[in-house]
Amino acid sequence: MGSLAGRRIVLGVTGGVAAYKAVDVCRRLVDAGAHVAPVMTKGAQRFVGRATFDALASESVRTSLFDEDHPSPHTLLGQAADLVVVCPATARLLSDYRTGRSADLLTATLLATRAPVLVAPAMHTEMWEQPSVAENVAVLADRGVTIVGPVDGRLAGGDSGMGRLAEPADIVAAAHEVLAATAGPDGGDLAGTRVLVTAGGTREPICPVRFLGNRSSGRQGHALAAEAASRGAVVDCVTTQPGTAPVGPGIRVTAVDTAAEMAEAVVGLSAEADVVLMAAAVADFRPVEVADRKIKKEGGIPEIRLEPTVDILATLGRSRRPDQVLVGFAAETDDLRQNAAAKLRAKGVDLIVANDVSAPGVGFEHETNAVVVLDAAGGTVEVPLADKREVARAVVNAALARLRTNCSPNGDDT
Ligand code: CTP
């Protein structure tokens, strides 16, 4: 648990029955050498006495924005934190955090921090499965928040099902993992690295109302941007979905719409990039003419002539620096590996991340993905169905391994 030693962790405890397990999480974090600053909501104090955390944590419990000795306890806590852990996280906390609502000391601290955040939700199955709650969790995960659990098991009131807090040991292990990958005193494993990520599907206008588009939500690209930034990289995220792009230190978002706009932004930014992750679904064709007024159906069936767009990745592949790592993506429905291998060669890239978008839960519009990463040097990594952030972690790991190889004077892994 080396990465926990000496790190400052704000432990936010909200009002659910599982609050008693936060006591165990607190003890384990302190035992691993972390400095734990507990924050309890009003609800949490109905489940566990503050004296328990006072006794176990590294400092006294804080509960209010106003009754503390410091005039601004949320910024004090948020700015000093290396990590914020919310355990348990209730549906209300998830909603407030997602919408940026500053309702109490804990939510204000979440707004006042640039540290990574880990939330461990716990609630009844019906609540966990509500679309509103699921959406809040998905948005937070997209922004780079680490979600641990919940798991299936015994719930309060004799019920059982999905919604039980993850085991305290697993929450602490996840905190350890987040901190191990985050810029600490020695920097994260991507500190000093510039990463360019593209995300979302381009829109090629037909007229002021209609466009040619695709089903990409930008989630996988945004998860890549959040992952790279959390590991210390300076990230440029060129996206067609700026509203859901991750925000935080080290992330600069460039909003684009069309393939041509994306090409211009990417070509400009790529000169400085050590790693380019081309996750966007870029249109291959665009209408030759764009009508300046809405096309009305009285005019009959319109004939839309198309022309090719520039292949951004192939362009980068032709002009790349030898030390730069280029990663392409391939969304396929047939012959996944053969098509991916062909793109790997044709586009002159180091890695291709391929997914079969016809498989359940994979790719477009899903929270999850399953990919195979093909390396031009011959290796293959399979990432089975997992949360897009998890997939992002595996892709970034593969890109980092490649970067080390490309930058090694012998061109090998030594
Ligand atoms: N790509 C790009 N510019 C384009 C089209 C694609 O940079 N005009 C990139 C994508 O971002 C992705 C990779 O190329 O990283 C593969 O895209 P894909 O659409 O799967 O491949 P294509 O070469 O367009 O082949 P096809 O559509 O025929 O499968």
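To be clear, the structure that these remarks concern was listed above.
What counts, and where the lines are drawn
- Residues numbered from 1 in each chain as written.
- Predicted model: local features only at pLDDT ≥ 70, side-chain atom pairs only at ≥ 80, totals over all residues.
- Heavy atoms only, no water.
- Core = buried A, V, L, I, M, F, W, Y, C linked by side-chain atoms within 4.5 Å.
- Buried < 20%, exposed > 50% of the residue type's maximum accessible area, 1.4 Å probe, protein only.
- Contact = heavy atoms within 4.5 Å.
- Helix = DSSP H or I, 4+ residues; strand = E, 2+ residues; numbered from the N terminus.
- Pairing = 2+ DSSP bridges.
- 1 Å grid on protein atoms, 1.4 Å probe; cavity = no way out; pocket = protein on both sides within 12 Å on 5 of 7 lines; lining within 4 Å.
- Points joined across faces, edges and corners; volume = space filled by probe spheres on them.

A.B. asks: Explain the nonpolar core here, please?
C.D. replies: By size, the foremost hydrophobic cluster in this structure holds 35 residues, and its most contacted members are L4, L11, L29, F53, C87, L118 and I171. If near-sequence neighbours (up to four positions away) are discounted, L11 is found in contact with A22, V25, C26, V36, A37, P38, V39, F53, V85 and C87. Within the second largest apolar cluster, 31 residues are counted, among which are A279, V325, V391 and V396.

A.B. asks: Even after reading the chapter, I still don't get unusual backbone geometry, so can you show me in this structure?
C.D. replies: Most peptide bonds adopt trans geometry, and most residues besides glycine take a negative phi value. A cis amide bond, omega -10°, links C87 with the succeeding residue P88. With respect to the helices and strands, P88 occurs in strand 3 (residues 83-89). For the bond running from G149 to P150, omega is 5°, close enough to zero to count as cis. You can see P150 is positioned in the loop between strand 5 (146-147) and strand 6 (151-154). We note that D335 has phi near 45°; this positive angle belongs to a residue other than glycine. Take D335: it is sitting in the loop between strand 16 (325-332) and helix 13 (336-346).

A.B. asks: In this structure, what is going on with the sheet that holds strand 5? I would like to understand it.
C.D. replies: In sheet architecture, strand pairing relies on hydrogen bonds along the backbone and comes in two forms, parallel and antiparallel. One open sheet accounts for five strands, arranged 2-1-3-4-5; its pairing is parallel. Of all the strands in the sheet, the pair left with one neighbour each is strand 2 (35-40) and strand 5. Here four bridges tie strand 1 (residues 8-13) to strand 3, and the two strands are oriented parallel to one another. Bridging across to strand 3, I9 finds its partner in L83.

A.B. asks: Quick question: what am I supposed to make of the layout of surface pockets here?
C.D. replies: Any space left empty among the atoms is revealed by the rolling of a water-sized probe across them. Taken as a whole, the largest pocket encloses approximately 840 Å³ of empty space. Along its surface, the largest pocket is lined by 40 residues, and A280, A281, V282, F329 and A331 are the ones closest to its centre. For the lining of the largest pocket, the secondary structure elements donating two or more residues are helix 10 (219-230), helix 12 (312-319), strand 16, strand 17 (351-356) and strand 18 (368-375). The element contributing the most residues to the lining of the largest pocket is strand 16, with four residues.

A.B. asks: Looking at this structure, I do not really get the side chain of R389. What am I missing?
C.D. replies: Along the polypeptide, R389 turns up in helix 14 (residues 388-407). Looking at R389, the relative accessible area reads 8%, which means it is buried. Contact partners of R389, with chain neighbours within four places excluded, come to A141, G144, V145, A223, A226, E227 and S230.

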